[in-house]
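Okay, here's what each chain looks like letter by letter:
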Amino acid sequence: MTMNTSTPDPIVLSVRDLNVSFDTMDGTTHAVRGVGFDLPRGKTVALVGESGSGKSVTSYAILRLIQKPGRISGGQIIFNPHEGETLDLAALRAKDPRLFKVRGGKISMIFQEPMTALSPVHTIGNQIREAILLHRSVTKHEADQIAVDMLGHVGIPDPEQRLRQYPFEFSGGMRQRVVIAMALVCRPEVLIADEPTTALDVTIQAQILELINDLREQMGTSVLFITHDLGVVAQVADDVVVMQHGRVVEKASVRQLYRQPYHPYTKRLLAAMPSIDPEPDRIDKIMRGGPPSSDRLPDGFGFRSPGVSGTSSALGASSEVAPQMHRFADGREVLVWPQPIAEVTS
């Protein structure tokens, strides 16, 4: 699917009703179900949730990196570049040359663990040079100079010497900076950061977050930041997409989400954050908070999946009914379920 646009779309990436399934001997596992969100140009959107919620699978699907037995079973991934045609990445063939041009060139990714993202038997220079030569029409000498400039840009001292070294000669923080340099060396329009600070200590973590923010402002790159750490989200994101069990349960701005979470799962995530708050009832206050009276749920809907005890925990447990995203008056969206008539009228 391609479309022509005369002016850049304010939304650089739009994921619409994305579904990703894995076919196994035990049946089909639906890892991502109906996920949808927009990434505005020049902004940072955080995709958050606990491990196994579908965050990384969503990011891999955007770059078409899902391997068998996994497959994209539905939905659209609309990419609106500054120049050129608008593409539905989900509809492109696996070997479509346009997909190779986008992947690593216009959309890049910082992988979760730098030691697995870097080849241990090739120098840093060889690996960065390869990324440049694949996507830019330059000579090897020019590629080396671009690599040196980018390593210096991400704060690595003596970049010319570092090009000749191997990943094991770098500290964890420096390896992460190399991975960021590789992702940004082709000046992508979209940067996907898959938990880029997970294995780093808090000091290096703060430096990496500051670096990503600075590079976003300088290069105008839009960032999809994937994490399970809500403390990190507050430092980098403009908007937040909360996932649970493969579904989006809440979409809101950072300010809205931290001031008053609506969905019970979002409340539990915030309540689980470590805090120096001396108030013993801090968690109770968060859990008691709810939508303002002027922003009631639509009639006949609730946060709980029908037929499941407790609140909203087992998304998708009932296959006979489907949830839907409800937009509140303040602009945020929350996942709600149709409720049995007996419960609604009681």
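Structure shown above.
Residues numbered from 1 in each chain as written. Predicted model: local features only at pLDDT ≥ 70, side-chain atom pairs only at ≥ 80, totals over all residues. Heavy atoms only, no water.

Draft legend 1. Main features of helix 7 (residues 172-184). Compared with the 18 Å implied by 1.5 Å per residue over 13 residues, the 19 Å span of helix 7 between its first and last C-alpha is a close match. Where burial is concerned, most of helix 7 is hidden: 11 out of the 13 residues are buried. Check the buried side of helix 7 and you find it contacts strand 7 (107-110), helix 3 (114-117), helix 4 (124-135), helix 5 (140-153), strand 8 (190-194) and helix 8 (202-219). (Helix = DSSP H or I, 4+ residues; strand = E, 2+ residues; numbered from the N terminus. Expected span 1.5 Å × (residues − 1). Buried < 20%, exposed > 50% of the residue type's maximum accessible area, 1.4 Å probe, protein only. Contact = heavy atoms within 4.5 Å.)

Draft legend 2. Representation of the environment of Val 15 in the model. With respect to the helices and strands, Val 15 occurs in strand 2 (residues 11-24). Val 15 gets classed as buried once you look at its relative accessible area, which sits at 2%. As for Val 15 and Thr 58, which are separated by 43 residues in sequence, their C-alpha atoms are 9.3 Å apart. Sequence-distant contacts of Val 15, defined by excluding residues within four places in its chain, comprise Val 35, Gly 36, Phe 37, Ile 62 and Gln 76.

Draft legend 3. Structural view of the side chain of Gln 127. Position of Gln 127 among the secondary structure elements: in helix 4. Look past the residues within four positions of Gln 127 in its chain and what remains in contact with it is Leu 118, Ser 119, His 122, Pro 167 and Met 182.

Draft legend 4. Geometry of the packing of helix 7 against helix 8. Here helix 7 crosses helix 8 at 15 degrees, and the two axes come no closer than 10 Å. Comparing the axis directions of helix 7 and helix 8 gives the class roughly parallel. Along this stretch, helix 7 crosses helix 8, giving a crossing that reads as right-handed. Where helix 7 abuts helix 8, its residues Gly 173, Gln 176, Arg 177, Ile 180 and Leu 184 lie against Ile 204, Gln 207, Ile 208, Leu 211, Ile 212, Leu 215 and Met 219. (Axes fitted to C-alpha atoms, helices over the stretch in contact; angles between N-to-C directions. Parallel < 35°, antiparallel > 145°, perpendicular 65-115°, else oblique. Left-handed = near helix turned anticlockwise from the far one by under 90°.)

Draft legend 5. Fine view of the layout of surface pockets. In this structure, the largest pocket spans a volume of roughly 500 Å³. Lining the largest pocket are 20 residues, and of these Gly 104, Met 109, Phe 111, Ala 131 and Met 182 sit closest to its centre. Secondary structure elements with two or more residues in the lining of the largest pocket: strand 7, helix 4 and helix 7. Ranked by residue count, the leading element in the lining of the largest pocket is helix 4, at five residues. The residue inventory of the lining of the largest pocket, partitioned by class, reads 13 nonpolar, five polar and two charged. Approximately 310 Å³ is the volume attributed to the second largest pocket. If you trace the second largest pocket, you find 19 residues lining it, with Asp 38, Asp 239, Lys 251, Ala 252 and Glu 333 closest to the centre. Those elements that place two or more of their residues in the lining of the second largest pocket are strand 2, strand 3 (27-40), strand 10 (239-244) and strand 11 (247-253). Top contributing element to the lining of the second largest pocket by residue count: strand 3, with four residues. Here the residues of the lining of the second largest pocket are counted per class, giving seven nonpolar, five polar and seven charged. (1 Å grid on protein atoms, 1.4 Å probe; cavity = no way out; pocket = protein on both sides within 12 Å on 5 of 7 lines; lining within 4 Å. Points joined across faces, edges and corners; volume = space filled by probe spheres on them. Nonpolar A, V, L, I, M, F, W, Y, C, P; charged D, E, K, R; others polar.)

Draft legend 6. Quick look at helix 4. End to end, helix 4 covers 18 Å across 12 residues, agreeing with the expected 16 Å (1.5 Å per residue, within 8%). Next to the buried residues of helix 4 lie helix 5, helix 6 (159-162) and helix 7.

Draft legend 7. Representation of the pairing of strand 10. Within strand 10, five of the six residues are buried, leaving the element largely enclosed by the surrounding structure. In terms of strand pairing, strand 4 (residues 44-48) meets strand 10 through four bridges, oriented parallel. In the sheet register, Val 48 faces strand 10, and the bridge partner there is Val 242. As paired strands, strand 10 and strand 11 are joined by six bridges and run antiparallel to one another. Within strand 11, the position partnered with Val 241 by the bridge is Lys 251. Where strand 10 folds back onto strand 11 in an antiparallel hairpin, the turn is made up of two residues, including His 245, whose phi is positive at roughly 50 degrees. (Pairing = 2+ DSSP bridges.)

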